[in-house]
Amino acid sequence: MTVMAETQQLRDLFSQVEEIESVADTLPEHDQRRSRLIGVVERALAQAPPVRPVVAGELLDLTEKTVRAWAQEGVLTVSHTSPRMLLDASRLHQVLHLVADLRRAGKHRGLLDEVYRRLADQALLDRVDLATSLAQMSQGEGRVVRE
């Protein structure tokens, strides 16, 4: 399959996923329908085939060399290295959102560092123990460790 055909196929998938995400975002946080829609998105992305760096570059509007560097830094997840590097479509979709948000905010340089920071922040926010601690803190529970 050509790079253009692969790119278009992935654009179509991401467009469908984003449409489902936009509907999910209109529902309250703890609504079961929201959880089900997010599950549909996660399954669709998990079933997507791994992505060649050149295709990821087309989607992110970056060079293939830059995409490979981002993969080596851990911003993009490598799903296969042999016989050639292939990237995880789900992580690519996540990074695509971050890059688009940064560009809309006028950020065009130093994207790697900014995307890496946002991914690290999100990983912390996704931790159950941190969410529990923040909830306890907001309710005035817990104990003061340092004055």
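Residues numbered from 1 in each chain as written. Predicted model: local features only at pLDDT ≥ 70, side-chain atom pairs only at ≥ 80, totals over all residues. Heavy atoms only, no water.

**Structural notes on helix 2 (residues 32-47)**
- Compared with an ideal rise of 1.5 Å per residue, which puts 16 residues at 22 Å, helix 2 spans 23 Å between its outermost C-alpha atoms and is within 8% of the ideal.
- Every buried residue belonging to helix 2 is among Arg34, Gly39, Val41 and Leu45, and all of these are buried. Down the axis of helix 2, the sector holding all buried residues measures 160°, keeping them to one side. Among the exposed residues of helix 2, those pointing more than 90 degrees away from its buried face are Gln32, Arg36, Arg43, Ala46 and Gln47. (Helix = DSSP H or I, 4+ residues; strand = E, 2+ residues; numbered from the N terminus. Expected span 1.5 Å × (residues − 1). Buried < 20%, exposed > 50% of the residue type's maximum accessible area, 1.4 Å probe, protein only. Arc of directions from axis to C-beta.)

**Quick look at unusual backbone geometry**
- Residue Pro83 follows Ser82 across a cis peptide bond; omega there is 5°.
- Counting through the fold element by element, Pro83 comes out in the loop between strand 1 (78-80) and strand 2 (86-87).
- The backbone of Asp61 shows a phi angle near 60°, a positive value even though the residue is not glycine.
- Structurally, Asp61 can be placed in the loop between helix 3 (53-60) and helix 4 (64-73).

**Description of the side chain of Thr7**
- Within the secondary structure, Thr7 sits in helix 1 (residues 3-24).
- Once residues lying within four places of it in the same chain are set aside, the contact partners of Thr7 are Val55, Glu58 and Leu59. (Contact = heavy atoms within 4.5 Å.)

**Considering the pattern of salt bridges**
- Per the counting criterion, the structure on display carries eight salt bridges.
- For the salt bridge of Glu64 with Arg68, the shortest nitrogen-to-oxygen distance reads 3.1 Å. A residue pair is termed a helical-turn pair when its members lie 3 or 4 positions apart in one helix, as Glu64 and Arg68 do in helix 4 at four residues.
- Assessed through its relative accessible area of 32%, Arg68 is described here as partly exposed. (Salt bridge = Lys/Arg side-chain N within 4 Å of Asp/Glu carboxyl O.)

**Topic: a nonpolar patch on the surface**
- A surface patch of nonpolar side chains, amounting to about 320 Å² of accessible area, comprises Leu125, Leu134 and Met137.
- Secondary-structure assignment places Leu125 in helix 6 (residues 111-125).
- Overall, Leu125 belongs to the exposed group, its relative accessible area being 53%. (Patch = residues over 30% accessible without salt bridge, like charges linked within 9 Å, V, L, I, M, F, W, Y side chains within 5 Å. Areas by Shrake-Rupley, 256 points an atom, 1.4 Å probe, with all protein chains shown as cover.)

**What about the confidence of the model for the protein?**
- A residue-level look at the protein finds 99% of positions with pLDDT of 70 or above and a mean pLDDT of 90.
- Mean pLDDT values over the elements of the protein span from 83, in helix 7 (residues 128-138), up to 96, in strand 2. (pLDDT = per-residue confidence, 0-100.)

**Describing the environment of Ala24**
- Here Ala24 lies in helix 1.
- Taking C-alpha positions, Ala24 is 29 Å from Arg52, a pair spaced 28 residues apart along the chain.

**A few points about the side chain of Arg52**
- On the secondary structure map, Arg52 appears in the loop between helix 2 and helix 3.
- On the basis of relative accessible area, Arg52 is assigned to the buried category, the value being 17%.
- Within polar-contact distance, the side chain of Arg52 engages the side chain of Glu6 at 2.6 Å.
- Sequence-distant contacts of Arg52, defined by excluding residues within four places in its chain, comprise Met1, Thr2, Val3, Glu6, Arg84, Met85 and Leu86. (Polar contact = N/O pair within 3.5 Å; in protein donor to acceptor, adjacent residues only side chain to side chain.)

**Details of the packing of helix 5 (residues 89-104) against helix 6**
- At a minimum axis separation of 10 Å, helix 5 and helix 6 run at an interaxial angle of 120°. By the criterion of interaxial angle, the relationship of helix 5 to helix 6 is oblique. The handedness of the crossing between helix 5 and helix 6 comes out as right-handed. For the pair helix 5 and helix 6, contact is made by Arg91, Gln94, Val95, Leu98, Val99, Asp101, Leu102 and Arg103 and by Leu111, Glu114, Val115, Arg118, Leu119 and Gln122, respectively.
- Residues of the contact of helix 5 with helix 6, tallied by class, amount to seven nonpolar, two polar and five charged. (Axes fitted to C-alpha atoms, helices over the stretch in contact; angles between N-to-C directions. Parallel < 35°, antiparallel > 145°, perpendicular 65-115°, else oblique. Left-handed = near helix turned anticlockwise from the far one by under 90°. Nonpolar A, V, L, I, M, F, W, Y, C, P; charged D, E, K, R; others polar.)

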